[in-house]
Amino acid sequence: MSTPTPAAMKHAPSQQGRTPSGQQGRTPSHFPAATPPVSTPFNAAQAAFSPRGQHSSPQHVKKSPATMGMTGQSTMSSLNFDSPSTAAAMGALVMGNGFDMGLEGVAGLDGVSAAYASEEEKLRRLENIIKMLNEKKGMVSEAGLERLAQRLGMELLSEEHSTPGGRKTKTLAIAGSAVALDIVLDNNIVQNATLSYHGNADSVTKHIDAASQILLKDLQLLPGQSPLTKTLERFATNFERLAKLDKLSIVPGLDCHEALANMYSSLERLHEWDMEQLRRDHVMASKPDFLIASAAMCTKHGNPVMHERGQVGLALQYWKERRFVAEPKGQDISDKSKVWSMLLGCAAIDGVGLPPARVSETWISNDIVKQDDLADNSTPVLDWQEPEHVSLPQTDENKDAGMDLLQADLSTTRVPRVMFTATFDPPVILPQTEWARLYALAGIEPPNMNPSNDFNRQPPTFDALFFPLTPGTRQDPSEARTIVRRHRVPMINTYNDSLTKTHKNSLFIYKPIYSQELSELPFGHPRQLVEMLPVLRQYAFLSTLLESSFGREEASATESKTESSMQENGVEDSDTRTMKDQLADFMNPDDTEAKAHSGIPISVPADLSLDVILWVHPSPHMQVVFPMRNTTANITLSILEGGLVQIIHENVIGEEPGPVKEINGRNVTRGQLAKVLEHLEDLSKWAEWIRSRL
């Protein structure tokens with residue numbers, strides 16, 4: 001972390017001093033800057049070390065004796081920069097408004113001018129420093145837990161006990177309005193942790209033990225772990241979620257723990273109905289239960305879980321990697337597979353047009369579907385319900401916690417100023433049109449991504465969000481971009497022999513699309529989340545293909561990883577290059593020889609060169625090109641909503657209904673090629689499958 005400069009630290013309360021009006025605690029931006037009399041000389045040293053710098057006008061500075069000789073280039077050469085007074089004067093000009101005097105053209109000061117040009121930039125840097133400091137939660141210890149409880153605004157009680165062996169243990173009780181956590185420590189090592197719920201909702205009580213086990217696991221030492229390395233990161237993330245629900249609850253009226261637990265009950269009934277429908281399907285009837293559960297998660301209405309996979313709270317899982325892979329006997333790989341989910345919680349309403357939270361166990365009817373539609377043999381329509389709003393009593397305590405809501409019958413009711421939120425884990429990268437579409441499904445206006453109304457500031461592109469540029473480099477959005485990656489691909493040929501091949505994969509982006517990263521979204525009804533699932537699965541599968549085939553980590557083309565790392569994840573090296581980079585390589589043909597003499601390892605020749613052209617508008621498409629015997633395979637595919645693959649064009653199996661390729665006496669169709677890619681989830685493995693079997 002960079003050391004804060006005096007300009008970045010000037011807003012700290014301890015450095016403000018007394019304002020011109022004699023009041024303390026208010027920033028100088030509320031008052032005009034004091035202008036010294038004309039007879040007062042310009043004190044350069046004072047300006048250099050002032051928290052706010054010199055706020056005088058440029059005309060006044062030019063009249064100052066310390067700057068009389070600075071207005072022309074002829075006098076600049078007479079300045080002696082070894083002099084302390086001159087250095088202080090230059091510091092005042094840099095830290096203050098000196099760039100209004102024509103110094104912006106001085107060589108070497110352009111970067112400083114950009115860094116200190118505006119107060120907003122200084123505030124932004126200071127906020128980033130504070131944010132970085134707040135992200136550090138400390139270590140697992142009595143003092144660390146006490147600081148965490150204070151920061152969360154929860155009550156903290158401490159009590160010492162003596163064990164039969166004569167040792168003294170300490171119990172910390174961190175309590176809110178509805179939940180309390182008792183932590184037993186022995187010499188700052190957590191021995192036990194018990195979470196309790198003091199509300200009246202049975203739907204919360206039956207899940208409290210699962211949450212308690214997660215919190216205890218976050219605090220206990222791992223086998224062989226030292227107490228000096230046990231941090232509060234995971235525990236703080238989970239416990240802050242409970243503390244936030246506790247602080248947002250309004251008693252009597254709204255219990256946020258109960259609201260989410262009841263929503264889980266409705267989503268769980270929908271998931272069980274999905275499982276039952278899949279078991280009745282003739283294709284899925286013979287499948288094992290874990291494949292049916294995976295199909296319900298990835299193709300139906302998601303899988304709701306409460307306090308699972310090391311996360312406290314309600315989550316709606318909608319996609320996972322290796323969803324067709326069978327679990328080894330006696331081994332659970334559910335925690336190892338990457339899962340896409342929405343973590344549901346609550347937040348305070350700080351705007352207009354946001355729906356308030358409601359408490360109900362009947363977000364969907366007990367019959368799940370509308371009975372009138374079953375007779376038509378059409379697609380069943382879910383029977384969603386509209387629960388009543390939470391009505392708060394008109395008291396002084398609820399004056400700030402509630403707001404008036406106009407109902408359908410034109411009457412008003414006092415509702416809590418609390419809304420539901422969905423946090424996407426991991427965040428989903430979407431084109432701007434699809435990003436706005438999800439906000440429309442939630443019934444709210446998308447936020448302004450350019451609050452400063454800077455028309456020169458362009459939104460990020462899809463490739464820049466997925467493959468971030470190296471710090472310090474710039475990419476013209478209108479310029480084509482190439483991302484090159486080498487990795488080793490394990491495969492099994494038609495003779496069941498295990499092989500490993502080296503691939504050189506190149507991703508070409510010729511048409512950058514403005515995009516956004518969706519990390520959190522307010523919503524008012526779980527129906528809205530279910531309606532988002534097809535689009536979320538579409539881009540979750542796209543990210544799976546891109547990660548498995550090209551990776552997301554940034555590395556230089558000259559970097560080489562160790563053999564053990566390559567065997568572990570199949571990665572050799574990667575490179576992100578633009579057309580200008582490739583032109584520079586072409587103009588420097590001796591670069592390879594220079595690398596060899598400098599000791600930089602050179603990548604071994606690739607067994608296969610795979611070229612992929614990507615475009616994501618109006619929907620994700622890929623054109624995959626790779627050598628295949630005496631010809632070149634050229635396949636264009638599209639990723640549809642729901643994460644389904646559709647082959648649009650190919651030259652490897654022939655056009656239907658003409659001659660097609662055969663494998664073991666069976667014709668290979670485009671639909672089967674698409675299903676193979678959905679199973680493999682890797683373009684390199686898919687290309688090797690096609691090359692070895694067709």
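Let me sum up the structure you'll find in this document. (Residues numbered from 1 in each chain as written. Predicted model: local features only at pLDDT ≥ 70, side-chain atom pairs only at ≥ 80, totals over all residues. Heavy atoms only, no water.)

## A few points about the sheet that holds strand E3 (residues 179-186)
Thinking step 1. Pairing is antiparallel across the open sheet formed by 4 strands, whose spatial order is E1-E2-E3-E4. Whereas interior strands pair on both sides, the edge strands pair on one side only; in this sheet they are strand E1 (155-162) and strand E4 (189-197). Averaged over all adjacent pairs, the angle separating strand axes in this sheet is 15°, with direction ignored.
Thinking step 2. Examined bridge by bridge, E3 and E4 share 8 bridges and lie antiparallel to one another. Bridge pairing links Asp182 to Thr194 in E4.
Thinking step 3. The strands that helix H7 (residues 142-152) touches are E1, strand E2 (168-175) and E3; relative to E2, the one it contacts most, it runs at about 10°. (Pairing = 2+ DSSP bridges. Helix = DSSP H or I, 4+ residues; strand = E, 2+ residues; numbered from the N terminus. Axes fitted to C-alpha atoms, helices over the stretch in contact; angles between N-to-C directions. Contact = heavy atoms within 4.5 Å.)

## Section: the environment of Asp202
Thinking step 1. Topologically, Asp202 is positioned in helix H8 (residues 202-205).
Thinking step 2. Taking relative accessible area as the criterion, Asp202 reaches 64% and is therefore assigned exposed.
Thinking step 3. Sequence spacing of Asp202 and Asn262 is 60 residues, and the spatial spacing of their C-alpha atoms is 9.7 Å. (Buried < 20%, exposed > 50% of the residue type's maximum accessible area, 1.4 Å probe, protein only.)

## Here's the deal with the pattern of salt bridges
Thinking step 1. Throughout the structure, instances matching the rule amount to 21 salt bridges.
Thinking step 2. Salt-bridge contacts for Arg323 lead to Glu681; the nearest nitrogen and oxygen are separated by 3.4 Å. With Arg323 in the loop between strand E6 (311-320) and strand E7 (339-348) and Glu681 in the loop between helix H20 (670-680) and helix H21 (683-693), this pair connects stretches of sequence that are 358 residues apart.
Thinking step 3. A relative accessible area of 7% places Arg323 in the buried class.
Thinking step 4. A salt bridge links Asp463 to Arg481; the shortest N-O distance between them is 2.9 Å. Linking Asp463 in helix H15 (residues 462-466) with Arg481 in strand E13 (residues 481-492), this pair joins segments that are 18 residues apart in sequence. Comparing Asp463 with Arg481 shows no difference in burial state: the two are buried.
Thinking step 5. Each of the salt bridges in this network shares a partner with another, and the network as a whole consists of Arg358, Glu386, Arg527 and Glu531. (Salt bridge = Lys/Arg side-chain N within 4 Å of Asp/Glu carboxyl O.)

## Things to note about the pairing of strand E5 (residues 303-308)
Thinking step 1. A large share of E5 lies buried, amounting to 5 of its 6 residues.
Thinking step 2. Here 5 bridges tie E5 to E6, and the two strands are oriented antiparallel to one another. What sits directly across from Pro304, in E6, is Leu316.
Thinking step 3. Where E5 folds back onto E6 in an antiparallel hairpin, the turn is made up of 2 residues, including Arg309, whose phi is positive at roughly 55°.

## Here we look at helix H12 (residues 289-299)
Thinking step 1. The set of residues buried in H12 consists of Leu291, Ile292, Ser294, Ala295, Ala296, Met297 and Cys298.
Thinking step 2. Those residues of H12 that are buried are in contact with helix H11 (256-280), E5, E6 and helix H16 (526-550).

## Things to note about the pairing of E13
Residues in a regular strand point their side chains to alternate faces of the sheet.
Thinking step 1. Counting buried positions over the 12 residues of E13 gives 9, a clear majority of the element.
Thinking step 2. Sheet topology note: the E13/strand E14 (residues 498-509) ladder contains 12 bridges and is antiparallel. Within the sheet, the bridge partner assigned to Val489 lies in E14 and is Lys501.

## Considering the packing of helix H9 (residues 208-219) against helix H10 (residues 233-248)
Thinking step 1. Where H9 meets H10, the axes come as close as 8 Å, and the angle between the chain directions of the two elements is 150°. When the interaxial angle is binned, H9 and H10 end up roughly antiparallel. The two elements H9 and H10 meet at a crossing, and its hand is left-handed. Seen from H9, the contacting residues are Ile214, Leu215, Asp218 and Leu219; seen from H10, they are Arg234, Phe235, Asn238, Phe239 and Leu242. (Parallel < 35°, antiparallel > 145°, perpendicular 65-115°, else oblique. Left-handed = near helix turned anticlockwise from the far one by under 90°.)

## Some thoughts on the side chain of Lys137
Thinking step 1. Mapping Lys137 onto the fold places it in the loop between helix H6 (119-135) and H7.
Thinking step 2. Classification of Lys137 by relative accessible area gives buried; the value is 17%.
Thinking step 3. Within polar-contact distance, the side chain of Lys137 engages the side chain of Glu240 at 3.3 Å.
Thinking step 4. Among residues more than four places away in sequence, those in contact with Lys137 are Arg151, Leu232, Glu233, Ala236 and Glu240. (Polar contact = N/O pair within 3.5 Å; in protein donor to acceptor, adjacent residues only side chain to side chain.)

## Here we look at H7
Thinking step 1. Considered for burial, the residues of H7 that qualify are Gly144, Leu145, Leu148, Ala149 and Leu152. The buried residues of H7 occupy an angular sector of 135° when the element is viewed end-on, so they sit on one face.
Thinking step 2. Looking at the buried side of H7, the elements it contacts are E1, E2, E3, H9 and H10.
Thinking step 3. Two residues or fewer past H7, Gly153 is found with a positive phi of approximately 70°. (Arc of directions from axis to C-beta.)

## Considerations on the sheet that holds strand E15 (residues 515-523)
Thinking step 1. The strand order across the open sheet formed by 5 strands is E5-E6-E7-E12-E15, and the pairing between neighbours is antiparallel. Each having just a single partner strand, E5 and E15 make up the two edges of the open sheet. Each strand of the sheet is rotated relative to its neighbour by a mean of 30°, with strand direction disregarded.
Thinking step 2. Bridge analysis of E6 against E7 gives 6 bridges, and the strand direction is antiparallel. Bridging from a neighbouring strand, Gln317 pairs with Ser341 of E7.
Thinking step 3. Taken strand by strand, H10 contacts E6, E7 and strand E12 (418-431), and its axis lies near 35° from that of E7.
Thinking step 4. Contacting E5 and E6, H12 runs over the sheet at an angle of about 90° to E6.

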